[in-house]
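Each chain, letter by letter, is given below.
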Amino acid sequence: MAIDLKKTDVVIVGLGAVGGVAALPLARAGLDVIGLEAGSWLTPRDFAPDELRNNFRGWPQAAQKANTEIPTHRPNASAPYSPRLPIHPMMNGVGGTSLHYWAQSWRLNPWDFRVVSETTRRYGAARIPKGSTVEDWPFGLEELEPYYDTVEHEVGVSGQAGNIGGTIDPRGNLFEGPRRRGYPMPPLRGTEFTERMATAARKLGWQPFPGPAAVNSQTYDDRPACQYHGYCNRGGCHVSAKNSTAVSTIPKAMETKRLQVVTQAIATSVAVDEKSGRVTGVNYVKGGQEYFQPADVVLLASYTYENVRLLLLSKSHAFPNGLANNGGQVGRHYMSHHTGNPVTALFPFELNNWYGLPAQGAAVDNWADDNFDHSGLDFIGGGNLWVYSDRRPIGAASMSTFGKAPTWGSAWKSFIKQNADRFNVAYLQKTTLPYEDNYLDLDPVAKDPMGFPVTRITADHKDNEKRLGAFVQDKMAQWFMEAGAIAVEKGPTGTMGPSTHAYGGTRMGDNRASNVVNRWGFVHEVPNLGILGASVMGTSGAHNPTLTAQALAWRTAEHLATNWKTIAGG
Amino acid sequence: MAREAGDRPRDVSRRDLFKTAGAGAAAAVAGAPLAPSTAVAQAHLAAAPQLEALETLTAAEADILEAICARLIPSDENGPGAAEARAAHYIDRALTGPLRASRDAYAAGLAAVDVYAQASKGVPFPKLAPRDQDAVLTAMESNAATGFTPNAATFFNLVRTHTIQGTFCDPYYGGNANFAGWDLIGYPGLRMTVGPEEQRMSAPKAVRKSAYEDAMFARKGSQRGGDHGHRP
């Protein structure tokens, strides 16, 4: 029998990148918040610079709930399943994946909010790819700007502004939308290699700039600056210079005494009042015991796959096809961010990429979004080019041989001895659109250890994504060659399997026939249920999603606090 | 390394002697105090305290695996290879733990290597000349070798992946002995703080240490050191 707990104002499912942010404005507003987190607290002692453990064995997330519920994937409804991933970096723990993510903290560019209207205005409606379900966001960048600003300061983001109130600063991103003020910290420093790349970009007539990062470039909120030791990629920070919510917003929320963190709590369903159709609380399991946590308002803040799964698992008479799914929109408009079509370059000299972090690099936005004329092109959107300093021994020894050496033996050994520090792999994030046949649902066969079906991804890249992937790849190759590379290798488009950038499934929009949540992040069908995370995003943009998901989470939470009686009172 | 030759169901091969000598040479480079003696004697002296058990593999399986690792990353003019780095020892340990899902693949795959070597060359794999061992591995990589489930290339790639892990991992895990792997590719080592000068394009002088030599990450690490910067 489930133990009924005392009712609270708000229960948040998941205290990661977005739940950990939303807790702060709620707690400051005096609301009692209970945060259910499937993982536990981790401390800097857990974050050893250990490539084998962090990057190949998936610790600490391998031991976690998230790793037992990795989604299955098939490219389309009649295709065979892809091999299931053994490890996925999404993790459980207070702070969630923000503990060990790359911490690139981008705002979306203005175009990303208005893909349909801007494409139609500039090129005609026929340029929206066939089969795409893309819509304009219910608001533009200007609506989200204050929340981006708040999160940048509360979490701590370093970076170089490119547009303050319409005044362009060429040291930053010329293509960003206007911001009210600069970043709270200057950008992370460059390396000799990233500076070389920036110089090459300028020679091509492009405008390179350092990327924004939720990593301290100097002491911030009493936490020290980044030590650049090279193990940030899938590793937590040993000095808490990476601004996960576990060291930023969650401790601030706890200081108010309004946030109670419940660790190792695995949410199993959201409970519904059958008459009103409103949610009444969350069922969870902790230590083998079932609990029911009643609340006036429920906020789902687990990852995209788990937000969707928890809704679909929460069936009732009022919602026979899953919570919030009477309109059949849960799981629709799904996107795995297009980060395929990689480019790897080989240089004739050593780069010393051994130290640094994935957020320390040079960016180019000239070929992102609609920052260039698409009139003569056969796709819309584009990609952010990102070159960074990040290398560890096992990964280095596993490098491509560029067709210049065998894959083992003395000749291979000689090749890697010479070239292990002479290659660089660019990170290319590209516009990804939603399509009518790319979606999430429950897998009919695969189950987690508790017996619940895992999420199934049915999705594949379409022509638009393939074409822009090849286009962006050419630009990146050009950049590497300008910087002195002697060879470049272009990788394939890749699949839309489980991603660390997963969008959609509970899309935000005014039209309740095609969207799960309204413009404030609350479910059209269930007014006291809010959804946080990239699952509400209707477009991907060409930049990492976390800061946008955090800004949206802050906005939803602030809206809830401001309209408490309307939303909670029923 | 502490396994005596007499424990094995075969004689000490030329390769084993070479391997042992290579480890001694690596230790000498690392500055280990050695008595002035022959290379082999030095190697035994240096290796003596390093007890080493087979935790997962049978002795016969370990012989085959050692021989494969020694050809994948051979000891040659570019320095010690996977044998000296103790990649096979790393794999043996990991197969009881994080790599246990691969245990059956190793049992079947290593047996298949020997059967294929016998069938194609008439000699068990460990006793083949290096050139013939390479021919077997080439046949495995190209999937021409028969008798493997699901196929030879799958097993080849599994062993290659794990041999690279065992050669280039943190030495805590039983491989990368004497930092043989890190020295090979010029990894300048673990620095908990890296300054701007150390991110110039010429890498700084190598630091040779395991992550777990840092008191903060060792199991008996200092609580005080571990909490710095962390709230609450």
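Predicted model, so just to flag it, every value in this text is computed and none were measured.

Draft legend 1. Molecular detail of unusual backbone geometry. Each neighbour pair has its own omega, and for B:Thr149 with B:Pro150 the value is 0°, a cis peptide bond. Relative to the assigned elements, B:Pro150 resides in the loop between helix H7 (130-141) and helix H8 (152-168). Notably, A:Asn341 is not glycine yet its phi reads approximately 50°, a positive angle. Counting through the fold element by element, A:Asn341 comes out in the loop between strand E12 (335-336) and strand E13 (343-346). Phi angles above zero are rare outside glycine, and B:Arg86 is one such case at about 65°. Positionally, B:Arg86 belongs in the loop between helix H4 (82-85) and helix H5 (87-94). Overall, B:Arg86 belongs to the buried group, with 29 C-beta atoms counted inside 10 Å.

Draft legend 2. Summary view of the domain arrangement of chain B. Residue and element names in this part refer to chain B. According to the domain assignment, chain B contains domain 1 (54-187) and domain 2 (190-232). Taking the mean C-alpha position of each, domain 1 and domain 2 sit 32 Å from one another. Contacts between the two partners involve five residues from domain 1 and, on the opposite side, five residues from domain 2. Grouping the constituent residues of the side of domain 1 that touches domain 2 by class yields three nonpolar, one polar and one charged.

Draft legend 3. Structural detail: the confidence of the model for chain B. Residues and elements named next belong to chain B. Per-residue confidence for chain B gives a mean pLDDT of 81; residues scoring 70 or more make up 73%. Considering only residues more than four positions removed or in separate chains, one finds that residues 1-45, a stretch of pLDDT under 50, has 61 contacts. Scored below 50 in pLDDT, residues 221-232 makes 27 contacts in the model with residues more than four places away or belonging to other chains.

Draft legend 4. Representation of the nonpolar core within the structure. Grouped together as the largest cluster of nonpolar side chains are 177 residues, with contacts concentrated most on A:Ile12, A:Ala22, A:Ala23, A:Val298, A:Ala553 and B:Cys69. Looking at which domains feed residues into this core, each of domain 1 (54-187) and domain 2 (190-232) of chain B supplies at least three. Sequence-distant contacts of A:Val298, defined by excluding residues within four places in its chain, comprise A:Val11, A:Val270, A:Val279, A:Gly281, A:Val282, A:Asn528 and A:Leu529.

Draft legend 5. Broad picture of the environment of A:Gly177. Residue and element names in this part refer to chain A. Along the chain, Gly177 falls in the loop between strand E6 (167-168) and helix H5 (192-203). Along the chain, Gly177 and Ser276 lie 99 residues apart, while their C-alpha atoms are 42 Å from each other. Leaving out residues up to four positions away in the same chain, Gly177 has contacts with Arg107, Asn109, Pro110, Leu141, Glu145 and Asn163.

Draft legend 6. Local environment of the pairing of strand E10 (residues 279-286) of chain A. All names here are of chain A. As paired strands, strand E9 (residues 266-272) and E10 are joined by six bridges and run antiparallel to one another. Bridging across to E10, Val270 finds its partner in Val282. Hairpin connection from E9 to E10: six residues lie between these consecutive antiparallel strands, with Gly277 at a positive phi of about 75°. Between the end of E10 and the start of strand E11 (residues 289-300), which pair antiparallel, lie two residues, with Gly287 showing a positive phi angle near 60°.

Draft legend 7. Spotlight on the environment of A:Lys490. Residue and element names in this part refer to chain A. Mapped onto the secondary structure, Lys490 falls in strand E20 (residues 487-490). On the basis of neighbour count, Lys490 is assigned to the partly exposed category, with 14 C-beta atoms found within 10 Å. Through-space distance from the C-alpha of Lys490 to that of Ala345 is 8.9 Å; in sequence the pair is 145 residues apart. Here Lys490 is in contact with Asn341, Val343, Gln473 and Ala477, once residues within four sequence places are set aside.

Draft legend 8. The packing of H7(B) against H8(B), seen in detail. All names here are of chain B. Two numbers describe how H7 lies on H8: the axes approach to 7 Å, and their chain directions differ by 115°. In terms of their interaxial angle, H7 and H8 are classed as roughly perpendicular. Contacts from Leu137, Ala139, Met140 and Glu141 of H7 reach H8 at Ala152, Ala153, Phe155 and Phe156. The residue inventory of the contact of H7 with H8, partitioned by class, reads seven nonpolar, no polar and one charged.

Draft legend 9. Fine view of helix H11 (residues 546-562) of chain A. Along its 17 residues, H11(A) runs 24 Å from first to last C-alpha, staying within 8% of the 24 Å computed at 1.5 Å per residue. Of all 17 residues that make up H11(A), 14 are buried, and the element is covered over most of its length.

Draft legend 10. Spotlight on the sheet that holds E13(A). Residue and element names in this part refer to chain A. One open sheet holds the three strands; their spatial order is E16-E13-E20, and the pairing between them is antiparallel. Both edges of this open sheet fall to strand E16 (423-425) and E20, since each of them pairs with a single strand only. Between one strand axis and the next, the sheet turns by 15° as a mean value, whatever way the strands run.

Draft legend 11. Summary view of the packing of helix H4 (residues 141-156) of chain A against H11(A). Residues and elements named next belong to chain A. Where H4 meets H11, the closest approach of the two axes is 8 Å, and the angle between their N-to-C directions is 105°. As far as their axial angle goes, H11 and H4 are roughly perpendicular. Residues Leu144, Tyr147, Tyr148, Thr150, Val151 and Val155 of H4 form the contact with H11, whose participating residues are Leu547, Gln550, Ala551, Trp554 and Arg555.

What counts as what
- Residues numbered from 1 in each chain as written.
- Chains lettered and ligands numbered in written order.
- Predicted model: local features only at pLDDT ≥ 70, side-chain atom pairs only at ≥ 80, totals over all residues.
- Helix = DSSP H or I, 4+ residues; strand = E, 2+ residues; numbered from the N terminus.
- Buried ≥ 20, exposed ≤ 12 C-beta atoms within 10 Å, placed from the backbone.
- Domains from an automatic or database assignment.
- Contact = placed C-beta atoms within 7 Å.
- Nonpolar A, V, L, I, M, F, W, Y, C, P; charged D, E, K, R; others polar.
- pLDDT = per-residue confidence, 0-100.
- Core = buried A, V, L, I, M, F, W, Y, C linked by C-beta atoms within 7 Å.
- Pairing = 2+ DSSP bridges.
- Axes fitted to C-alpha atoms, helices over the stretch in contact; angles between N-to-C directions.
- Parallel < 35°, antiparallel > 145°, perpendicular 65-115°, else oblique.
- Expected span 1.5 Å × (residues − 1).

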